[in-house]
Amino acid sequence: MADTPAPPRTYPHGVPCWVDLETESVDAALAFYGGLFGWRFTEMLPAGAPGRYAVASLDGTSATSVAAVATPAAGFDGEVAWHTYLAVDDVDDAAARVEGLGGFVSSVPEDVGPPGQRAGRMARIVDAQGAPGRLWQAGTRLGAQVVNAPGTWNFSNLITPDVDAALRFYGPLLGWERSDDLGAGMARVPGYGDHLARTVDPRIRERQEFVPPAFADVVAGVLPGDGPAHWSVAFAVADRDASAATAQRAGATVLRTEDGEWSKEATIRDPFGAELVLAQFDPPESYLEGEREAGRA
């Protein structure tokens, strides 16, 4: 009997769903990230179109899509960065609420993709503290289909000088809540864990039996930091040091490394100026012992 195809990964309102990089050096970026993460790319715009949008995947199919590399949109200010997309049920309604919460809409909602094959509807926003982001109402592009595995998007953190002010913006806009028992900087969308259990991750509660139940609802980090507010995007890797060395040989700069209780991370700046985090899952031995005893490792 053939295996039942896995359901597509979908993203409820308020959950970060996609990441992309805008750069003038698309070909060079495809070579760099293809070498770093093993990505394969599919050009989504027809030849001769103004601009490019290359969707990255693990095997060349939409079922393993992970991110994208694109030419900059109109009004590009020269700052190359990885951008985080935030899923919303109705992008026009969400964009209309941004200004009242202290932010502004830098590009009005517009359809992405050809008629009849609409990838989605998007608006670019800047939050109340100056962090650029994107609102995404999914069409055919539901969001990243593989996450947390080596070579895929792992997590997005909002770095902000005022965590409380950030939550006053994203709470009403996206339904984010903060729970003190989850530790500092964890924003959650109530019910997201149940959504994962019903769809792509039926064992999530079993795997997370040692943490508070609300941890399954965590969707992003909201962390204090100096300087302008911005999104930091992390990608999972099997070996932080090996991946950092590969990036460095390809022209990236390793800015810093950090060994935490659950991960090893390296923050790098790619050859085009964008910063990103390489994150290796490195749990404590007590966790691994529990997984072995439960027959999950």
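Not measured: the values here are computed from a predicted model. (Residues numbered from 1 in each chain as written. Predicted model: local features only at pLDDT ≥ 70, side-chain atom pairs only at ≥ 80, totals over all residues. Heavy atoms only, no water.)

**A few points about helix α6 (residues 240-249)**
Link 1 in the chain: When we look at burial in α6, the residues that qualify are Arg-240, Ser-243, Ala-244 and Ala-247. Summarising the axial view, the buried residues of α6 lie within an arc of 100 degrees, below the 170-degree limit, and thus occupy one face.
Link 2 in the chain: Summarising the contacts, the buried residues of α6 are in contact with α1 (26-37), β14 (253-259), β15 (263-269) and β16 (275-281).
Link 3 in the chain: Once α6 finishes, Gly-251 follows within two positions and takes phi at roughly 110 degrees, a positive value. (Buried < 20%, exposed > 50% of the residue type's maximum accessible area, 1.4 Å probe, protein only. Helix = DSSP H or I, 4+ residues; strand = E, 2+ residues; numbered from the N terminus. Arc of directions from axis to C-beta. Contact = heavy atoms within 4.5 Å.)

**Digging into helix α2 (residues 91-98)**
Link 1 in the chain: Considered for burial, the residues of α2 that qualify are Val-91, Ala-94, Ala-95 and Val-98. One side of α2 holds all its buried residues, which, seen down the axis, span an arc of 100 degrees.
Link 2 in the chain: Those residues of α2 hidden inside the fold are in contact with β6 (104-112), β7 (120-126), β8 (132-138) and α3 (163-174).

**Things to note about the packing of α2 against α3**
Link 1 in the chain: It is the contact of α2 with α3, at a shortest axis distance of 10 Å, that shows an interaxial angle of 150 degrees. What the angle tells us is that α2 and α3 run roughly antiparallel. Considering how the two elements wind past one another, α2 and α3 form a crossing that is right-handed. Between α2 and α3, the residues in contact are Ala-94, Arg-97 and Val-98 and Phe-169, Pro-172 and Leu-173, respectively. (Axes fitted to C-alpha atoms, helices over the stretch in contact; angles between N-to-C directions. Parallel < 35°, antiparallel > 145°, perpendicular 65-115°, else oblique. Left-handed = near helix turned anticlockwise from the far one by under 90°.)

**Re unusual backbone geometry**
Link 1 in the chain: The phi dihedral of Asn-148 is positive, around 70 degrees, even though this residue is not glycine.
Link 2 in the chain: With respect to the helices, strands and loops of the structure, Asn-148 is situated in the loop between β8 and β9 (153-160).
Link 3 in the chain: Given the relative accessible area of 47%, Asn-148 is considered partly exposed.

**Describing the sheet that holds β9**
Link 1 in the chain: Pairing in this open sheet of 8 strands is mixed, and the strands run β10-β11-β12-β9-β13-β16-β15-β14 from one edge to the other. The open sheet terminates on both sides in strands that have one partner only, identified here as β10 (177-178) and β14. (Pairing = 2+ DSSP bridges.)

**Considerations on the environment of Ala-70**
Link 1 in the chain: You can see Ala-70 is positioned in strand β4 (residues 65-70).
Link 2 in the chain: Under the relative-accessibility criterion, Ala-70 is labelled buried at 3%.
Link 3 in the chain: Each C-alpha atom, one on Ala-70 and one on Phe-215, is 33 Å from the other, the two residues being 145 residues apart in sequence.

**So, the pairing of strand β5 (residues 81-87)**
Remember that side chains alternate between the two faces of the sheet whenever the strand is regular.
Link 1 in the chain: The buried fraction of β5 is high, at 6 of 7 residues.
Link 2 in the chain: Both β5 and β8 contribute to a ladder of 3 bridges, which runs parallel. In the strand pairing of β8, Leu-86 is matched with Leu-135.

**Details of the packing of aromatic side chains**
Within a pair of aromatic rings, the relevant descriptors are the distance that separates the centres and the angle that separates the planes.
Link 1 in the chain: Under the counting rule described, the total for this entry stands at 18 aromatic pairs.
Link 2 in the chain: Their ring planes at 75 degrees and their centres at 6.2 Å tell us that Trp-39 and Phe-41 sit as a pair that is edge-to-face.
Link 3 in the chain: Relative to Phe-235, the ring of Trp-39 lies with its centre 5.8 Å away and its plane at 65 degrees, an arrangement referred to as edge-to-face. Of the two residues, Trp-39 is situated in the loop between α1 and β2 (40-43) and Phe-235 in strand β13 (residues 230-236); the sequence distance between them amounts to 196 residues.
Link 4 in the chain: Here a set of aromatic residues connected by ring pairs shows up, and it is made of Phe-32, Tyr-33, Phe-37, Trp-39, Phe-41, Trp-82, Phe-235 and Phe-272. (Phe/Tyr/Trp six-rings, centres within 6.5 Å; stacked < 30°, edge-to-face > 60°.)

**Quick look at a nonpolar patch on the surface**
Link 1 in the chain: A contiguous nonpolar surface patch, about 330 Å² in accessible area, is contributed by Phe-210, Trp-262 and Phe-281.
Link 2 in the chain: Within the secondary structure, Phe-281 sits in strand β16.
Link 3 in the chain: For Phe-281, a relative accessible area of 53% translates into the label exposed. (Patch = residues over 30% accessible without salt bridge, like charges linked within 9 Å, V, L, I, M, F, W, Y side chains within 5 Å. Areas by Shrake-Rupley, 256 points an atom, 1.4 Å probe, with all protein chains shown as cover. Salt bridge = Lys/Arg side-chain N within 4 Å of Asp/Glu carboxyl O.)

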